[in-house]
Each structure stands twice: as C-alpha cells, then as structure tokens.
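Breakdown of the fold
Take a look at the letters that make up each chain.
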Amino acid sequence: MNKHDSLLSVANLSIRFSHDGKAMPRSAVNHVSFYINPGEVFALVGESGSGKSVTALSILRLLPEAALVESGSIQFGEQDQKDIFALSEISMRQIRGRQISMIFQEPMTSLNPVMTVGEQIIEVLTLHFDMRTSLAKHRAIELLDSVGIPEPKKRVAWYPHQLSGGMKQRVMIAMALACEPKLLIADEPTTALDVTIQMQILELIKSLQKERNLSILLITHDLSVVAKMANRVAVMRSGEILEQAAAEDFFKAPKHPYSQQLLNSVLTRREIPSVPQIPPEGGILLEVENLKVYFPVRKGLFRRVVDNVKAVDDISLQIEDAKTLALVGESGSGKTTVANSLVRLLEPTTGKIKFKGEDRLSLTKKQLKQHRRDIQIIFQDPYSSLNPRMRVGEIIEEGMQALGIEKSHIKRQERIDKILKQVELNIDKKSRFPHELSGGERQRVAIARALAVKPKLIICDEPTSALDLSIRSQILDLLRKLQRKEGLTYLLITHDMSVVGNFADRVAVMYQGKIVEQGTVAEIFDNPQQAYTQALLSSVLTIPAQ
C-alpha cells in the first residue's frame, strides 16, 4: 500500500507563528510531507519543540490564531479525499471526533472536572449521532467496559478526580473512539503515566487498533514506544522531517545523523558500566531504620484522628559511600516522602535516620542547619524548582550564603564559575533567568545549585523524567562524571527501570509505602523474587539493538 491509497496525506505543510502582529523568523513546521494508510500506525518522533503537536493540531484545524499556514495541503478520506483547509467550519465539525479523534498527553487537563466521565462521553455521542440520552448512557457504559474500566456501571457516574491517571487516560480513549473514527491522533498518550500503566495503555490502544482497523498518528519522543507500536516512522526536528522509513528498517539502520543520535542515546546507555569504581571514604554513609511517615485522617466536629495514611510504612535501607541506591516504584508508593523525610522537610512519625552514624532525627533545628549541606536534592521539574525572579548566579549563590559556603562574594563567584564548568554550562548563563534556558540547561543549574554547597549525598528525585530522550542521556552521563570526580553518593528516585540498570549499584523496590525487595542491580534484574518487581521489569519497553 502506498500514499495513493492513503487515508491521510500531508503535503508541503509550512506553519509560522506571529507575535504582536509580526511573523516569527523561523517556521514552526517547515515543508512537512507524510501519509498514513488505513489500519497503519505512523509515528512522528521528535523532541519538545520540534513541531510534532503543531502538525497534529493542523490536521484538526485547531491551531491558535497566532498560527499562519504558509503553504501545503492536508487531504483526508479513503475514496473521496477532502482538502481539510478548504472545508467550512461546519464541515470540520463533522470530521472532528466523528472521523478524526485525538487523545491528549495529560488526561486531567483534557477532561472537564465538573462533569462525570459518563456525561462527557454522552456529550460526544449526542452531538454526532443525535442519540437519546438513555441510549447514549448505555453506549457510554459499553465503551468504558471496552477500554478496561472495572465496574463501568458504577464509574460512569464518577468525576475525573476520582479516577487514577491510568483510568483517566482510558476514559479519554473511550471518548476518542466513541464515534468510531477512522484516524486517531495520539499525542504522547502515555508520557504522564507510570511504566506498568504505560504498558497497559499501549496494549489497549494496539488491541483496539487491530480490532477496528484503526489508523493512528502516534506523536512521541520515546523510541521504545515507537518500536512497540509503529509500522512506519518519521523523525522531526526544528519543524522539518529529516527521515521517514518502515519501523523495522529505521531501527536496523537509521540514515540521518540526528536519528542515529536519538537511538544512541538509548542504546549506548545499556553498554556503560553503572558507576566507575573510585576509592570511597568507607562504610555506610546513610542508614535508615524502621522509618514510618503517617499522615493522620481527621473527622468529626473535634477533628479526632480516625485513621492514618501510611505513606512510608516501616522501611529500612543503607547507602554506601560513593555508591548509588535506586529507590524504585510507581507514583504514590512513598518514594518522594522518603526523600523529604531524609532532609527533614517532613518529620517522620518514628524511626531512625543515621548519617555517618549520627542520628539526624535527634538534632535541633539549629543543629540541623549546620548539617543541611550534607544532603541536597535535585527535584523532578527544574522549571518549578528554580525561582523565576532570580538569575542563575543568584540561584546558585543563595544556598551558599544560607549555609556559609565561602565568606566573600568574590570567592563564591569563583566557585560558581567552577561549578558551571563542571555541569558543562557557559559562564555567561549566570546572568540568565530560568525561562531563558532549555529544559536540559535548567536541570544542569539545579545540579550546580546542589553541588555548590559541597554535599556528600545528593537525592535525585526523578531528575530526568521531565526531559527529552537525548537530554536525559546527557544529564545521566553528567551525574556519572560528577560521581566519579567528586566521590558523590546518590539516592536515585525513579519509576523508570531502564534508567536504573546502568546508573545504580543497588536497588530497593517500593510498593504501597513498603520496601518489598532489595538487592544489587544484577540480583534484581536477573532474578527478581517479588511479583511486583517482576511486573515492573516486564513493563520496561526496549528497542531493537542495531
């Protein structure tokens, strides 16, 4: 089957944005052409800002007013193809949802919080089919059942906030498929989900695609998702498509250097040893014994405690000096609560936290301040963890001043310059604000801020989950280099087992507030004992080796 038999054909599409009435110097989408055949999964791959989502929105004619289509055409239909840009808005409404549907990246912001999920599906059905409400509700229950929502008759009356992230995405899929469209646009459909939920959603989409002979435009930055789902692949960068190929051919022999770089950012990490051996100071740096963090549930007029949410429930772990322990688990398992407890941003209910043999929970606030520099945190989202009103140099210096690192301003500036070089940032970035930096640069600033106070242990809380694939690889490589050079100890908090294999020395698997399994990377990966650990490992998507 070729482009002459296609369901969708995009030809020479160029889109430019304007600001204050003036056209931006560079096109967001530049002479893009591709086609999608009936029953085919076509993946549009690229990093943030490459133009993927703008291309997808143009297919549904949902571009913002500031966007100008400079050239190109979009033809849709199996036999009698229609030019999307030539249709009236009334005609487009018959296509949106009815013939072309879209699943968005973040289901919570895509679902209406003041309508039940049933009402939102019913709205789609009554709009396109003029269906009676009672019949539409019956159909909504059928759709929820078809996407694997348990007890659909009960949950049809639930609101989005009552559902988990995975169930919200299943509702979005049900809404998208309600009118049995011919083309489904899936814009990063699993990025916001945990690894086991991601696998379930991808399996669901794949089974529905085969069952309905559905065409899918899959927009993603994750090549492992492409390897599992796609028939053909197009790689996009800076608004241009650099390469198109059958998925099998693409993974065997990518032609464009950028495609090779994307693949190498995944493949080479698997061949790098976890952490180079360096002479440690010796012994256990951090020891946690029987740690519990409970949040009381209060009810009634007098707000009596009737129950406790056991966020962290009697865990014990150790981290050796100059080594990396990965604390792995899904959202809500208690990982970040552990991290916040270690630095006493949260006060534990009971337990012991020993740093170099000293019980940190027995320290007063004044004593604790003197030891704050020992343990630092790199947070998940660099943009929200950096003060938007401060320049990079001020952000890094703030912690140094608070903890008494270098007495003079000149000495602090010299140390900041040295650290910026260590994290591979130009010194001129000191005068920039966070919004003037890329995501990868912002995370390097967050790492520099942690390093500035000379810590012994750095807690890395999902340090790469908000970053593109190639940037993620660069940040992990940087953390390895710093560990080798400075003798740092890391606690890596993550839900991504693919990161753990090449970065950590030991692994602790956390589930519902408890550590269910601990061991070396080899022990956990080669011979997992617990069913939950086995489920995590089986959900890790891989790409074919070149």
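Keep in mind it's a predicted model, so treat the numbers as computed, not measured. (Residues numbered from 1 in each chain as written. Predicted model: local features only at pLDDT ≥ 70, side-chain atom pairs only at ≥ 80, totals over all residues. Heavy atoms only, no water.)

Details of the overall build of the protein
Cut-off, in case you're wondering: Comment: elements are numbered from the N terminus, with helices defined as DSSP H or I runs of at least four residues and strands as E runs of at least two. As a reference, a globule follows 2.2 Å times the number of residues to the power 0.38, and the radius of gyration itself is taken over C-alpha atoms. Think of it in three bands: residues with accessible area under 20% of the maximum for their type are buried, residues over 50% are exposed, and the middle band is partly exposed, with areas taken using a 1.4 Å probe on protein chains only. By definition, residues are in contact when any of their heavy atoms lie within 4.5 Å. Values of accessible area rely on a 1.4 Å probe in the Shrake-Rupley scheme; residue burial ignores everything except the protein chains shown. Neither His nor the chain termini are counted; the positive set is Lys and Arg, and the negative set is Asp and Glu. We put the charge of a Lys on NZ, of an Arg on CZ, of an Asp on CG and of a Glu on CD.
Scanning the protein from terminus to terminus reveals 21 helices and 21 strands. In terms of C-alpha radius of gyration, the protein reaches 26 Å, essentially the compact-globule figure of 24 Å for 546 residues. Projected onto its principal axes, the C-alpha coordinates of the protein cover approximately 75 × 55 × 50 Å. A buried classification covers 51% of the 546 residues belonging to the protein. A fraction of 71% describes how many contacts in the protein between residues 6 or more apart in sequence connect residues 24 or more apart. Of the roughly 25,200 Å² of accessible surface on the protein, a fraction of 48% belongs to carbon and sulfur atoms. Computed over 70 positive and 63 negative side-chain charges, the inter-centroid distance for the protein is 5 Å.

What to know about the domain arrangement of the protein
To keep it simple, the criterion reads: All the domain ranges listed were derived from an automatic or database domain assignment. Only one rule defines a salt bridge in this text: a Lys or Arg side-chain nitrogen within 4 Å of an Asp or Glu carboxyl oxygen. Counting of polar contacts relies on pairs of N or O atoms within 3.5 Å, with two restrictions inside protein: one atom must be capable of donating a hydrogen and the other of accepting it, and residues adjacent in sequence are counted only when both atoms are side-chain atoms. Just so you know the grouping, Ala, Val, Leu, Ile, Met, Phe, Trp, Tyr, Cys and Pro go in nonpolar, Asp, Glu, Lys and Arg go in charged, and all remaining residues, Gly too, go in polar.
Once the domains are mapped, the protein shows domain 1 (1-93 + 223-264) and domain 2 (284-539). Relative placement of domain 1 and domain 2: their C-alpha centres are 38 Å apart. Facing the 5 residues of domain 1 at the interface are 4 residues of domain 2. Scanning the region where domain 1 abuts domain 2 turns up 0 salt bridges. Connecting domain 1 to domain 2 are 0 residue pairs in polar contact (both at pLDDT 80 or more). Across the side of domain 1 that touches domain 2, the residue classes break down as 2 nonpolar, 2 polar and 1 charged.

With respect to the pattern of salt bridges
Overall, the coordinates contain 24 salt bridges when judged by the stated rule. Here Glu289 ties to Lys354 by a salt bridge, and the two come within 3.6 Å at their closest N and O atoms. Of this pair, Glu289 sits in strand β12 (residues 284-299) while Lys354 sits in strand β15 (residues 350-355); the two residues are 65 residues apart in sequence, bridging distant segments of the chain. Using a relative accessible area of 23% as the deciding quantity, one classes Lys354 as partly exposed. Between Glu441 and Lys429 there is a salt bridge, with the nearest N and O atoms lying 3.7 Å from each other. In this pair, Glu441 sits in helix α17 (residues 439-451) while Lys429 sits in the loop between α16 (409-422) and α17, placing the two residues 12 residues apart along the sequence. Owing to a relative accessible area of 22%, Glu441 belongs among the partly exposed residues under this scheme. Because the salt bridges share partners, they merge into one network encompassing Arg61, Glu89, Arg93 and Arg96.

Observations concerning the packing of α17 against helix α18 (residues 469-486)
The test is simple: Structural elements are reduced to axes, namely lines fitted to C-alpha atoms, with helices fitted over the stretch in contact, and the angle between N-to-C directions of any two is expressed from 0 to 180 degrees. Roughly parallel refers to an angle under 35 degrees, roughly antiparallel to one over 145, roughly perpendicular to one between 65 and 115, and oblique to any angle outside these ranges. Note on convention: near helix rotated counterclockwise from far helix by under a right angle means a left-handed crossing. Clockwise means right-handed.
Packing of α17 against α18 leaves a shortest axis separation of 10 Å and a crossing angle of 20°. It follows from the interaxial angle that α17 and α18 lie roughly parallel. Where α17 crosses over α18, the handedness of that crossing is right-handed. Between α17, through Gly440, Gln443, Arg444, Ile447 and Leu451, and α18, the contact on the second element is made entirely by Ile471, Gln474, Ile475, Leu478, Leu479 and Leu482. Each residue belonging to the contact of α17 with α18 can be placed in one class, and the counts come to 7 nonpolar, 3 polar and 1 charged.

A look at the side chain of Ser50
With respect to the helices, strands and loops of the structure, Ser50 is situated in the loop between β4 (41-45) and α1 (52-59). At 2.8 Å, the side chain of Ser50 forms a polar contact with the backbone oxygen of Glu47.

A word on the environment of Ile216
Residue position: Ile216 is located in strand β9 (residues 215-220). Among the residues examined, Ile216 registers a relative accessible area of 2% and is labelled buried. Through-space distance from the C-alpha of Ile216 to that of Ala186 is 7.0 Å; in sequence the pair is 30 residues apart. Dropping the residues within four chain positions of it, Ile216 is found in contact with Ile36, Glu40, Val41, Phe42, Leu183, Leu184, Ala186, Ile205 and Gln209.

Some details on α16
Put simply, the rule reads: One less than the number of residues in a helix, times 1.5 Å, gives the span that helix is expected to have.
Across its 14 residues, α16 extends 20 Å between first and last C-alpha, which sits within 8% of the 20 Å expected from 1.5 Å per residue. Along α16, the residues classified as buried are Arg412, Gln413, Arg415, Ile416, Ile419, Leu420 and Gln422. Packed against the buried residues of α16 are α15 (392-402), α17 and α18. Phi turns positive one or two residues past the end of α16, at Glu424, with a value near 65°.

So, the pairing of strand β11 (residues 240-246)
Note the cut-off: At least two DSSP bridges between two strands are required for those strands to pair.
Pairing between strand β10 (residues 232-237) and β11: 6 bridges, direction antiparallel. Bridge pairing in β11 links Arg232 to Ala246. Counted between consecutive antiparallel strands, the loop separating β10 from β11 contains 2 residues, among which Ser238 sits at a positive phi close to 50°.

Here's the deal with the nonpolar core
This is how it is decided: Residue types Ala, Val, Leu, Ile, Met, Phe, Trp, Tyr and Cys, when buried and joined through side-chain atoms within 4.5 Å, form a set referred to as a nonpolar core.
If you look at the biggest cluster of nonpolar residues, it comprises 59 residues, and the most contacted ones within it are Ile173 and Leu223. Residue contributions to this core peak at 8 residues, all from helix α7 (residues 165-177). In this view, Leu223 contacts Val45, Phe250, Phe251, Leu262, Leu263, Leu469 and Ile543; residues no more than four positions away in its chain are not counted. Grouped together as the second largest cluster of nonpolar side chains are 48 residues, Ile395, Leu420, Leu425 and Ala450 included.

Things to note about the side chain of Arg96
Here Arg96 shows up in the loop between α2 (89-95) and β7 (100-103). What makes Arg96 buried here is its relative accessible area of 17%. A distance of 2.8 Å separates a polar atom in the side chain of Arg96 from a polar atom in the side chain of Glu89. In this view, Arg96 contacts Leu60, Arg61, Leu62, Glu89 and His128; residues no more than four positions away in its chain are not counted.

Considerations on the sheet that holds β7
Backbone hydrogen bonds are what pair the strands of a sheet, in a parallel or an antiparallel way. Taken in spatial order, the 6 strands of this open sheet run β7-β8-β9-β4-β10-β11, and their pairing is mixed. Taken across any chain shown, the strands that pair with only one partner, and hence form the sheet edges, are β7 and β11. For this sheet, the mean angle separating the axes of adjacent strands, direction not counted, is 15°. Sheet analysis places β4 next to β9, joined by 5 bridges and oriented parallel. Residue pairing across strands places Phe42 opposite Leu217, the latter belonging to β9. Against the sheet, α1 makes contact with β4, β7, β8 (183-187), β9 and β10, and its axis sits at roughly 150° relative to β9, the strand it touches most.

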